[in-house]
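Letter by letter, the chains look like this.
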Amino acid sequence: MLKIMKNKLASSYVIQNYKKILPFVKPYWVRAVIAMLITIPIGSMDALIALMLKPYMDIVLVEKSVEATVYIPILIIVFSLFQSSLNYLATYLNTWVGRKIANDVKIKLFDKLMSYEASFFDKRNSGEIQYRFNNDVDTACNGLIANLKKFATRIFSSIALICVLLYNSWQLAIIALIVMFCALYPLKNIRKRIKDIMKKTVFSGAKVMTHFNEAFSGNRVITSYNLKNYQSKKFKETLQTVFTLGIKMVQRTGLMSPIMHFIISIGIALVIWYGSYLIASGEITPGNFVSFLAALLMLYTPIKALGNDFNSVMMSLMAIERIFKLLEDSPSIKNSENAVKLDENITSIEYQNVSFGYSKSTLSLKNINIKIDAGTTVALVGNSGGGKSTFASLLPRFYDIDEGKITIDGKNIKDIDLYSLREHIAVVFQDNFLFSGTIKENIILGRENVSQEEIDLAVKSACLEEFISELEDGLDSQIGERGVLISGGQKQRIAIARAFLKNAPVVILDEATSALDNKSEAVVQQAIDNLMKNRTVIVIAHRLSTVRNADKIVVINYGQIAEIGTHDELVEKANGIYASLYKAQLR
Ligand SMILES: Nc1ncnc2c1ncn2[C@@H]1O[C@H](COP(=O)(O)OP(=O)(O)OP(=O)(O)O)[C@@H](O)[C@H]1O
Ligand SMILES: [Mg+2]
């Protein structure tokens, strides 16, 4: 009883996972159904060929009559031709449907991936993302297509072949079927056996990819620190793990096919032994026997390979399971039910008793209270690691705060439509990411309806004019992946140009001028002053010269607001942090 229940569970696992993929098959169901239906004739035609061997044997070999069976070779050729054509069609349709499904799943996963909040990416590495969001889909869909056709064909071929067996001799058929079910026995529990190995394999596969990504992104560090051997050693170790897992997998599953092969040989031996006896006693004709044997060999041959096939089916099912786990998960930062849109112009931003920690154990910001009026500039200064970037990243909701609330125009940002919220804020980050492509593409960032004047203005305001005019291709110059082909300061100015073009009412500048020389800084400062006009600005800077004109200066030390005031107020303060910072920098 328990065993039956377990088997039921196993088969429901298969059905459950195939069911999940059904919505993706739906748009292509006609082709999918045709592909499935074709497998019926493909599968059954094997049986026809076996069936024809009986009259052929009995009439030609036993009765020695040739004329009566001249049609048989012709029919075999015709059937095979038909079967091959159908096979081609089935492969074509299956691949078509499978690739379409794979694309749809990948698109859905990609959209999901981009909807995740920053902490999702903080916790993972690039290899894992590539593996889970890309390779798993290939494993799942390729496995699904290849195996579905194979299995469907085999099921129909098996049914037809079993009919041929029964037609020729029911006694031998019973023996053959009992042996067949014994041979299938090792397939039981296969999922349980490979589950933990699969998990580790996925993990190591992801690690392999991360090595490649780091070899690419970190190539300069690797070269300058002579890390080739070190990196290569780490890579070897990971590959060794993958190898060990592969071997373990074979140890657990590789014996299946040989065992099935062995059991099946016993079946054939039994049939030949008992069959000879049945022929001798006249219960079946030699034609029956040959036809039976042919059908039996056709039935058994795929079963021998079933062990390995079944293994790959399980792997693709597990990949499907992982994919749907990802699809079912949802980002924790998303629109609330009654999310509202922000007005075009805002009046104020307020942080009220805000506390936030990247992990539960430590708070990076504690009890922050500050009101920022629209159109004013707030400068954040303080120790490195003090929480300035964190403070700024809470406003566009890269992370959600743990306590307190942040409001814009009195509305809690958690209730503001995310798209609208982020449209209102332009961020120039401490380390800006540039996409591979041209300077222009990196400035307009997919915005349509941007006029050339607007682009030129942004370029001019970000002090990029001189640099771009020197380039052969101007705005259309390629900047390389992550902007490797241009300098740090140029990257920063491209990021500033982006912010100009976005024309958002709130601007966050996180060390936006840190990679600029003194001359450029003075120029960019002018540009930033332009950018700040009529806008609400949060500016983070180490160089106090860039913040002295701010309406409010906030000193954030070790996660807390230590001082708040204008430049003039803060320099006056005896033993003030800002005052001492200022004095130190003046010197
Ligand atoms: N993604 C993250 N996950 C976990 N901890 C983080 C993350 N980003 C920053 N931290 C930690 O949070 C604290 C505040 O970091 P933050 O980047 O806000 O400092 P900062 O004031 O901007 O420093 P700096 O002036 O050096 O840029 C630091 O202790 C930092 O290690
Ligand atoms: Mg910072």
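In this numbering scheme, every chain counts its residues from 1 along its sequence in written order. Chain letters and ligand numbers both follow the written order, the letters beginning at A and the numbers at 1. Whole-chain, interface and lining totals are the exception, using all residues; otherwise, since this is a predicted model, local features are given only for residues with pLDDT of at least 70 and side-chain atom pairs are given and counted only at 80 or more.

A closer look at the overall build of the chain
At step 1: Only DSSP runs of H or I with at least four residues qualify as helices, and only runs of E with at least two residues qualify as strands; both kinds are numbered from the N terminus onward. A count of helical and extended segments in the chain gives 20 helices and ten strands.
At step 2: Here a residue counts as buried when 20 or more other C-beta atoms fall within 10 Å of its C-beta, as exposed when 12 or fewer do, and as partly exposed in between; the C-beta atoms come from the backbone. Residue burial in the chain is summarised as follows: out of 587 residues, 31% are buried.
At step 3: Partitioning the intrachain contacts of the chain with sequence separation of at least 6 by distance along the chain shows that 80% fall at a separation of at least 24. Once C-beta atoms are placed from the backbone, any two residues with those atoms within 7 Å are in contact.

Some words on the nonpolar core
In a soluble, globular protein the nonpolar side chains are often hidden away together inside.
At step 1: Ala379, Leu380, Ala497, Ile508, Val539 and Ile553 are the most contacted members of the largest nonpolar core, which has 62 residues in total.
At step 2: In terms of residue count, helix H17 (residues 488–502) provides more of this core than any other element does, seven residues in total.
At step 3: Note on terminology: a nonpolar core is a set of buried residues of type Ala, Val, Leu, Ile, Met, Phe, Trp, Tyr or Cys, with members joined through C-beta atoms within 7 Å. Counting 55 residues, the second largest nonpolar core, distinct from the first, contains Leu172, Phe289, Tyr300 and Met314.

Considerations on the site of ligand 1
At step 1: Put plainly, near means the residue's C-beta atom, positioned from the backbone, lies within 6 Å of the molecule or strand in question. If you check the shell around ligand 1, you find Asp122, Tyr358, Ser364, Ser384, Gly385, Gly386, Gly387, Lys388, Ser389, Thr390 and Gln430 and nothing else.
At step 2: The element contributing the most residues to the shell around ligand 1 is helix H12 (residues 388–394), with three residues.
At step 3: Across the shell around ligand 1, the residue classes break down as one nonpolar, eight polar and two charged. Here the term charged refers only to Asp, Glu, Lys and Arg, the term nonpolar to Ala, Val, Leu, Ile, Met, Phe, Trp, Tyr, Cys and Pro, and the term polar to all other amino acids, Gly among them.

Remarks on the domain arrangement of the chain
Where interface size is given, it is often the accessible area lost as the parts come together that is meant.
At step 1: Where each domain begins and ends is defined by an automated method or by a domain database. By domain assignment, the chain separates into domain 1 (17–208 + 237–328) and domain 2 (435–503).
At step 2: For domain 1 and domain 2, the distance between their C-alpha centres works out to 55 Å.

Focus: helix H2 (residues 29–62)
At step 1: By definition here, a helix of n residues has an expected span of 1.5 Å times n minus one. Taking 1.5 Å of rise per residue, 34 residues should cover 50 Å, and H2 covers 50 Å from first to last C-alpha, within 8% of that figure.
At step 2: To get the bend at a residue, fit one axis to the 7 residues ending there and another to the 7 starting there, then take the angle between the axes. Considering bend angle alone, the principal kink of H2 is centred on Tyr56 and spans about 30°.
At step 3: Of the residues flanking the end of H2, it is Lys64, one or two places downstream, whose phi is positive at about 60°.

Some words on the sheet that holds strand E6 (residues 425–428)
Note: strands within a sheet are paired through backbone hydrogen bonds, in either parallel or antiparallel orientation.
At step 1: Here we have six strands laid out as an open sheet, ordered E6-E7-E8-E3-E9-E10, and mixed in their pairing. The open sheet has two free edges, formed respectively by E6 and strand E10 (560–565), since each of these has just one partner strand. Taken pair by pair, the neighbouring strands of this sheet meet at an average axis angle of 15°, ignoring direction.
At step 2: Two strands pair if DSSP finds at least two bridges between them. Relative to strand E9 (residues 552–557), strand E3 (residues 377–381) runs parallel, the two sharing four bridges. Looking across to E9, one finds that Ala379 is bridged to Ile553.
At step 3: Every angle, taken between N-to-C directions, lies between 0 and 180 degrees, and every axis is a line fitted to C-alpha atoms, over only the stretch in contact when it is a helix. Against the sheet, H17 makes contact with E6 and strand E7 (506–510), and its axis sits at roughly 175° relative to E6, the strand it touches most.
At step 4: Those strands touched by helix H20 (residues 577–586) are E3, E9 and E10, and its axis lies near 95° from that of E9.

Some details on helix H10 (residues 256–280)
At step 1: With 25 residues, H10 extends 36 Å between its outermost C-alpha atoms, agreeing within 8% with the 36 Å of an ideal straight helix rising 1.5 Å per residue.
At step 2: Every buried residue of H10 is accounted for by Met256, Met260, Ile263, Ile264, Gly267, Val271 and Gly275.

Observations concerning the packing of H2 against helix H3 (residues 71–115)
At step 1: Where H2 meets H3, the axes come as close as 9 Å, and the angle between the chain directions of the two elements is 160°. By the angle between their directions, the pair H2 and H3 is classed as roughly antiparallel. The handedness of the crossing between H2 and H3 is left-handed.
At step 2: Per-class residue counts for the contact of H2 with H3 are 21 nonpolar, four polar and one charged. Should an angle fall under 35 degrees it is called roughly parallel, over 145 degrees roughly antiparallel, and 65 to 115 degrees roughly perpendicular, with every other angle called oblique. Here a crossing is taken to be left-handed if its near helix is turned anticlockwise relative to the far helix by less than a right angle, and right-handed if that turn runs clockwise.

A look at the environment of Ser332
At step 1: For Ser332, the location among the structural elements is in the loop between helix H11 (286–328) and strand E1 (348–356).
At step 2: For the pair formed by Ser332 and Tyr18, sequence separation is 314 residues and the distance between their alpha carbons is 28 Å.

Comments concerning the pairing of strand E8 (residues 536–540)
At step 1: For E8, the buried fraction is high: five of the five residues fall into the buried class.
At step 2: Here E8 shows no split at all, with Thr536, Ile538 and Ile540 on one side and Val537 and Val539 on the other all buried.
At step 3: Strand direction decides the pairing type here: E3 and E8, joined by four bridges, are parallel. From the neighbouring strand, Ala379 faces E8, where its bridge partner is Val539.
At step 4: Relative to E8, E7 runs parallel, the two being bridged by five bridges. Bridge pairing in E8 links Asp510 to Ile540.

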